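Here are the chains, one letter per residue:
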Amino acid sequence: MTAEQAKKRVVWLGREIRASDALYYQDDNPVLTDAQYDELRRELIALEAEFPHLILKDSPTQSVGAKPAGKFGKIKHTVPMLSLDNAFSEEDVADFCARVRKFLSLKKVDPVGFTAEPKIDGLSAAIRYEHGKFVKGSTRGDGQTGEDITANLATLDTVPMQLSGAGWPDVFEIRGEVYIDHADFDTMNAAQVASGKAAYKNPRNAAAGSLRQIDPSVTASRPLKFFAYTWGEVSAPFAETQMKAVERMAEWGFDVNPQMKRHETAQEMVAHYIEIMNARAGLGYDIDGVVYKVDELALQTRLGFVSRAPRWAIAHKFPAEKAITTIEDIDIQLGRTGALTPVARLTPITVGGVVVSNATLHNADEIARLGVKIGDSVEIQRAGDVIPQVLRVVTPSDGPAFEFPTECPVCAAPVSSEIDEKTGKQDVVRRCTNGLSCPAQAVQGLVHFVSRQVFDIDGFGERQIEAFYEKGLIKEPADIFTLRARNDEIKLETWEGFGKTSATKLFDSIDTRRNIPFDRVLFSLGIRHVGKTNSRLIAQHFVSWDKFWAVVPHLQNPVSDAYMGLLGIDGMGQAALGSLAQFFASETNHQIVADLVDELDVQHAEVPTSDSPVAGKIVVFTGKLELFSRDEAKARAQSLGAKVSGSVSAKTDYLVAGPGAGSKLKKAESLGVKVMTEDEWLALIA
Ligand code: IVH
């Protein structure tokens, strides 16, 4: 793959994964199978490894999950709740072990222990104990902030209200997985159907639905269980190894997984994985892989984390499940950016206990690559939850080839694919060319605007937006904020589905969102490449909206200070900046934003601070480091807010030089850069 192709694929993968994260984490309504999701993620990770300059700041590999849904209170995790990287093959496992050893600069003869245990397919929860008493509990949420589900967790028999035994730290936050076992799931679903309610798709969805009940008595009636496997904030260390820590958790009254074992080689780990995979059907609960963790906790601390996942653990996933079915039809769905996405409608088929009836075909190229037609019998793949993938045609039908529409199925405007300015190549995604004049794009843009990650307006979903849009009452974001003032003519309380109370409630929730952080306003505009992360970077750069607004007119001039200033933001790419400039080049867009901001009270951006003396400093390591591997030294520096560079320049603050330092040392000396030894560096950051 060329760098250009990779770039498009990376953007596409990121978008797909984020959309799926939002559905998975916020709506408990996944559309991709776990395996398909993993496949996308794996492809993205591989591409990012091959083309590191393509790692986007808002890449899903750089963050976990999505913002919490909002109906529960929020709990900020004092220790972030991270995710795990995945391994799919023996080779991946061997690589993981080798990476760990290299990072720790271990010698061939130094042993390292790894634990292996089932990866439970449930929902993670964090539960805090103070002086042995249950205090509160939360979901993972986006990893930084979760939902307060204290009352619900308190109803679980496997969550003790008082720890047993002795020796627990005063503050002890245990983490693990909430799940429903197979036998309980069957009983619960039978009762659910008998009472006229829809059956849950699988135990994971049932557990999610049960755990996030507003009324804890409903949760209490559901057969939820909790397996403990890790911890968050603790006031004192309580074990030296993962094995011992889990043993102690069992002594204190938690269920821990009996399949956990310690190994010393990748071969042993994989053998255990196969053993667990073979035992899978008989375990009585869903698992979707095996988790390996470095056993020694001191080594875990040294290994630390890389953005969303620890370096000391990995999830070895089970292979996806496959099945053969027929494509009954191919529909085209339209997204916010006008992208036309083909979706295969399948003859429903059960794959691993879940009925599957849709699969994404991604784009016209994918249809051509697979050679799929309506009527074909195809092999599909899923594991876990969400939209399955079509792998190949098994028996082609004799029908005609699928013709990808050349017109937007919604507004009939011509469809085109973007041409990359640099390479002249065509993008695989075809888009409706009608912009916001296409009703589907306009509505999707507004749906994005009110969605949880953006303006988060309660009670405003796709249905409501469509209704207001069709009546011509909301055409652009500012219109949302003038609804209340226009209600004399709108009379929302008389609409079907709205009473006086719900109308007032909607207007109130709109009003509460007038006071809004800067980055959300920017993100709300749906400018291509200006996602959540770039919006935050820009907001942090300008701090106030007014300062940003003042430079907007200069964006059209790429040599202006304003433009150069934006380009200098660490992590901001040309693509985002070009797209921002293009957006504001339109007089209409400029006016739409001005109208919107008139209705708002935009908060200043919060700029993160670190109190380490090396925060914000540029550091270069050279020569042989004797105490740490280069990777470990770099990771430590970055975690303290320093920037690690590979080359010395006048901007370099410190050069940490070990034995054998050569040209970099000379250059630093000639530039008057402060040079220090590894010991001096350690003293500085201690
Ligand atoms: S350890 C720092 N162990 O899998 C991360 N996670 O895909 C520590 N999970 O967020 C997690 N079984 O919700 C760990 N035995 C196990 C697990 C497990 C299931 C979940 C957990 C995690 C997710 C990552």
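What comes next concerns the included structure. Small disclaimer: the values here were computed from a predicted structure and weren't measured.

Attention shifts here to the sheet that holds strand β3 (residues 114–120). Read across the sheet, five strands follow the order β2-β13-β10-β3-β9 without closing on themselves; strand pairing throughout is mixed. Across the chains shown, the open sheet's two edge strands, defined by having one partner strand only, are β2 (86–87) and β9 (261–263). Direction of pairing for β3 relative to β9: antiparallel, over a ladder of three bridges. Bridge pairing links T115 to R262 in β9. Packing of helix α3 (residues 90–103) onto the sheet brings it into contact with β2, β3, β10 (287–294) and β13 (313–317), and relative to β13 it is tilted by some 175°. This element, helix α9 (residues 266–279), spans β3, β9, β10 and β13 of the sheet and lies at about 155° to β10.

All right, on to the site of the ligand then. Close to the ligand lie 14 residues, the nearest being E117, I120, R140, E177 and Y229. Within the side chain of Y229, a nitrogen or oxygen atom sits 3.1 Å from an oxygen atom of the ligand. About the coverage of the ligand: the protein hides 90% of its 520 Å² of free accessible area. Mapped onto the shell around the ligand, the elements with two or more residues apiece are β3 and β10. Per-element accounting of the shell around the ligand gives the leading share, four residues, to β3. Of the residues belonging to the shell around the ligand, the class tally is seven nonpolar, two polar and five charged.

Read from one edge to the other, the open sheet built from four strands follows the order β5-β4-β7-β8, with strand pairing classed as antiparallel. Edge strands, defined here as strands with exactly one partner in the open sheet, are β5 (133–139) and β8 (225–234). Averaged over all adjacent pairs, the angle separating strand axes in this sheet is 30°, with direction ignored.

This paragraph deals with the pattern of salt bridges. The full count for this structure, using the stated rule, is 25 salt bridges. The shortest N-O distance in the salt bridge between K373 and D376 comes to 3.8 Å. The residue E418 makes a salt bridge to R431 at a minimum N-O spacing of 3.7 Å. You can see E418 sitting in strand β19 (residues 415–419) and its partner R431 sitting in strand β20 (residues 426–432), a full 13 residues away along the chain. Here E418 falls in the partly exposed class, since its relative accessible area comes to 37%.

So, about the packing of aromatic side chains. Per the counting criterion, the structure on display carries 29 aromatic pairs. Between F172 and W252, the aromatic rings sit 5.1 Å apart at their centres with planes inclined by 85°, giving edge-to-face as the arrangement. Note that F172 is positioned in strand β7 (residues 171–179) and W252 in the loop between α8 (242–251) and β9, a separation of 80 residues in sequence. By relative accessible area, W252 is classed as buried at 0%. An aromatic cluster of at least three residues, connected via ring pairs, comprises F518, F542, W545, F548, W549, F583 and F584. The residue whose ring lies beneath K471 is W495, and the NZ or CZ to ring-centre distance is 4.6 Å.

We now examine the nonpolar core. F460, I480, F548, L580 and F584 are the most contacted members of the largest nonpolar core, which totals 58 residues. Considering every element that reaches this core, the biggest residue donor is helix α21 (residues 574–585), with six residues. Those residues in contact with F584 that lie beyond four places of it in its chain are L525, I527, F548, W549, V552, L555, Q556, H590 and V593. By size, the runner-up hydrophobic cluster in this structure holds 35 residues, among which are A125, F172, A239 and A245.

Glancing now at helix α13 (residues 462–470). Within the sequence span of α13, burial applies to Q464, I465 and F468. Mapping the buried residues of α13 onto a view down its axis gives an arc of 100°, with all of them on the same face. In α13, the exposed positions angled more than 90 degrees off the buried face are occupied by R463 and E470. Elements in contact with the buried residues of α13: α12 (439–450) and α16 (500–512). Just downstream of α13, G472 is the residue with a positive phi angle, here 75°.

On to the pairing of strand β15 (residues 340–351), then. Note: strand β14 (residues 321–334) against β15, seven bridges, orientation antiparallel. Opposite I332, over in β15, you have P342 as the bridge partner. Here β14 folds back onto β15 in antiparallel fashion, the turn holding five residues, of which G338 has a positive phi close to 85°. The sheet contact formed by β15 and strand β16 (residues 354–360) spans six bridges and is antiparallel. Across the sheet, residue T350 finds its bridge partner in β16, namely V355.

The next thing to look at is the side chain of T139. As for its position among the elements, T139 is in strand β5. Within the structure, the side chain of T139 is placed 2.9 Å from the backbone nitrogen of E147, a separation counted as a polar contact.

With that settled, consider the side chain of H316. Relative to the helices and strands, H316 resides in strand β13. Take H316: its relative accessible area is 2%, and that puts it in the buried class. In terms of polar contacts, H316 uses its side chain to reach the side chain of Y292, at 2.8 Å. When sequence neighbours within four positions are dropped, the list of residues in contact with H316 reads A87, F88, S89, V93, V270, Y273, G289, V290 and Y292.

Here is what the cut-offs are and how they apply
- Residues numbered from 1 in each chain as written.
- Predicted model: local features only at pLDDT ≥ 70, side-chain atom pairs only at ≥ 80, totals over all residues.
- Heavy atoms only, no water.
- Pairing = 2+ DSSP bridges.
- Helix = DSSP H or I, 4+ residues; strand = E, 2+ residues; numbered from the N terminus.
- Contact = heavy atoms within 4.5 Å.
- Axes fitted to C-alpha atoms, helices over the stretch in contact; angles between N-to-C directions.
- Near = heavy atom within 4 Å.
- Polar contact = N/O pair within 3.5 Å; in protein donor to acceptor, adjacent residues only side chain to side chain.
- Areas by Shrake-Rupley, 256 points an atom, 1.4 Å probe, with all protein chains shown as cover.
- Nonpolar A, V, L, I, M, F, W, Y, C, P; charged D, E, K, R; others polar.
- Salt bridge = Lys/Arg side-chain N within 4 Å of Asp/Glu carboxyl O.
- Buried < 20%, exposed > 50% of the residue type's maximum accessible area, 1.4 Å probe, protein only.
- Phe/Tyr/Trp six-rings, centres within 6.5 Å; stacked < 30°, edge-to-face > 60°.
- Lys NZ or Arg CZ within 6 Å of the ring centre and 35° of its normal.
- Core = buried A, V, L, I, M, F, W, Y, C linked by side-chain atoms within 4.5 Å.
- Arc of directions from axis to C-beta.

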